[in-house]
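# Survey of secondary and tertiary structure
Residues per chain are reported as follows:
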Amino acid sequence: MASIYEATVTAPVNIAVIKYWGKRDSALILPTNSSLSVTLSQDHLSTRTTIRASKDFSGDRLWLNGVEEDVSASKRLTNCITTARKLRKDMEQQNADAVPLSTWGLHICSENNFPTAAGLASSASGYAALVSALGALFELPQTPSELSRVARVGSGSACRSMFGGFVAWQAGVSADGADSFAVQIADRQHWPELQALILVVSDQKKAISSTAGMQTTVETSRLFAERVKTVVPQRMVAMQNAIAARDFAAFAEITMRDSNQFHAVCLDTFPPISYMNDTSRAIVSLVHAFNSAVGRVAAAYTYDAGPNAVIYALKDDMRDIVELFTSCFPRPETVPSEAFYANSFGVFESPDDAGTRISKPEVAELAQTVGKFSAGSVRRIIHTEVGDSPRVLPASESLLNAAGMPKHARE
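Notes on the structure follow. Every value quoted in this text rests on a predicted model; they were computed, and no experiment measured them.

## Observations regarding the environment of Val 347
Mapped onto the elements, Val 347 comes out in the loop between α9 (337–340) and α10 (361–370). Spatially, the C-alpha atoms of Val 347 and Val 322 are 7.7 Å apart, while their sequence positions differ by 25 residues. Those residues in contact with Val 347 that lie beyond four places of it in its chain are Arg 319, Val 322, Tyr 341, Arg 357 and His 383.

## Regarding the side chain of His 263
Inspection of the secondary structure assignment puts His 263 in helix α6 (residues 248–268). Accessibility expressed as a relative area gives 8% for His 263, which makes it buried. Of the polar contacts made by the side chain of His 263, one reaches the backbone oxygen of Tyr 303; its length is 3.1 Å. Aside from chain neighbours lying at most four places away, what touches His 263 is Tyr 275, Met 276, Tyr 303, Asp 304 and Gly 306.

## Observations concerning the sheet that holds strand β10 (residues 166–169)
Ordered in space as β2-β5-β10-β11, the 4 strands form an open sheet in which the pairing is antiparallel. Each of the sheet's edge strands pairs with one partner strand only, and the pair in question is β2 (14–18) and β11 (182–186). Between one strand axis and the next, the sheet turns by 35° as a mean value, whatever way the strands run. Direction of pairing for strand β5 (residues 35–39) relative to β10: antiparallel, over a ladder of 4 bridges. Counterpart to Ser 37 in the pairing with β10 is Val 167. The strands touched by α6 are β2 and β5; relative to β2, the strand with the most contacts, the crossing angle is about 90°.

## Let's talk about the packing of helix α7 (residues 278–294) against α10
Orientation of α7 relative to α10, taken along the N-to-C sense of each, is 145°, at an axis distance of 9 Å. The two elements α7 and α10 cross, and the hand of that crossing is right-handed. The segment α7 lies against α10, with Leu 286, Ala 289, Phe 290, Ala 293 and Val 294 engaging Glu 362, Val 363, Leu 366 and Val 370. The residue inventory of the contact of α7 with α10, partitioned by class, reads 8 nonpolar, no polar and 1 charged.

## Considering the nonpolar core
Within soluble globular proteins, side chains that are nonpolar tend to cluster in buried spots. Judged by nonpolar contacts, the single largest core of 69 residues is most densely connected at Phe 251, Ile 283, Tyr 312 and Phe 325. Residues within four places of Phe 251 in sequence aside, it is in contact with Val 17, Val 38, Trp 191, Leu 194, Met 239, Ala 242, Ile 243 and Tyr 312. The next biggest cluster of nonpolar side chains, apart from the first, holds 48 residues, and it includes Val 9, Leu 137, Val 167 and Ala 305.

## Digging into the packing of helix α1 (residues 75–94) against helix α2 (residues 123–137)
Direction vectors running N to C along α1 and α2 enclose 20°, while the axes themselves pass 10 Å from each other. Taken as axis vectors, α1 and α2 run roughly parallel relative to one another. The hand of the α1/α2 crossing is right-handed. Residues Arg 76, Leu 77, Cys 80, Ile 81 and Ala 84 of α1 form the contact with α2, whose own contacting residues are Tyr 127, Leu 130, Val 131 and Leu 134.

Cut-offs and rules
- Residues numbered from 1 in each chain as written.
- Predicted model: local features only at pLDDT ≥ 70, side-chain atom pairs only at ≥ 80, totals over all residues.
- Heavy atoms only, no water.
- Helix = DSSP H or I, 4+ residues; strand = E, 2+ residues; numbered from the N terminus.
- Contact = heavy atoms within 4.5 Å.
- Buried < 20%, exposed > 50% of the residue type's maximum accessible area, 1.4 Å probe, protein only.
- Polar contact = N/O pair within 3.5 Å; in protein donor to acceptor, adjacent residues only side chain to side chain.
- Pairing = 2+ DSSP bridges.
- Axes fitted to C-alpha atoms, helices over the stretch in contact; angles between N-to-C directions.
- Left-handed = near helix turned anticlockwise from the far one by under 90°.
- Nonpolar A, V, L, I, M, F, W, Y, C, P; charged D, E, K, R; others polar.
- Core = buried A, V, L, I, M, F, W, Y, C linked by side-chain atoms within 4.5 Å.
- Parallel < 35°, antiparallel > 145°, perpendicular 65-115°, else oblique.

The structure is reproduced here in structure tokens:
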């Protein structure tokens, strides 16, 4: 029986607490500033990718969530594949017995374990999964940081999803991007009490893409120049110190201030860019009100280029936050309880109980004061925690069948 050359991996989503916004080189995706993120658990949010190489494949083919896509239509995708092939070819030239995988066609199948309609960007986990699978298939000797440079040319933030825990993407200064890669600041076990709550406000495509928005900001915002020159370098140091000390109050304040300034820079862009909506701003106010009600900084919000909120909190405080937000933002009647809030951490006896009780009197009083927003203002709530790096899965978890075609293909 002929050998099958294949690898299947999963890769995580990451959410930045010091934001990446702006490129100094669009082709190589070199950022104007360094950034720092928290990798989230793959048990709740991940991309699974299987890649098989075969001399019998006529060319490269790609299926995303069961639908075939044109590989050649994406320059970023082809750049990642070409770079990985070159690294493999270098190995083959040094070993005459190596199987010439670099010359064979590839079948790539990729699926998310969260619905596309969740409104969550999947490019980071998607390209991290692609590069991790290529690395495993080609048996590349490069370190995760070295491979993160390959992931970066697919999607900038993907380089941070090559690690678990807390990750910094170093902007670098080299014109060729050799010093622009990701490094792990701390692993997931360093601060396992940290959790995240994602409030999906909208699943609609952004009116202004991140790529277009970044370029306009770089060209027109004076506030952006100050952010790159002074603010981000100082915050990178302060955030790394907060993570090292597991100082949540410091972590939270830096996270919220950086999110606020990122969106202020977007508004300082000309014409201005507004990614948040009224529900997003209401969540900001509610987080500050919650912190005031409990008498300390117990929750922190952050927003990427969109209206969806991510709230960070420690495990002991997250129950109160979940009770508050499921009460103030009711589930739409058309959405099943399990789909609205999966109750993965046992906050309620069952998902049906979400929004029906608040344990602490001061939080209950706040909820009564705020009242209830329209059902559906928040479409879905995802409760997760700090996660690990990409995982290599056994052959039994492959997304391809014996013929090398998707098991879950759709027309």
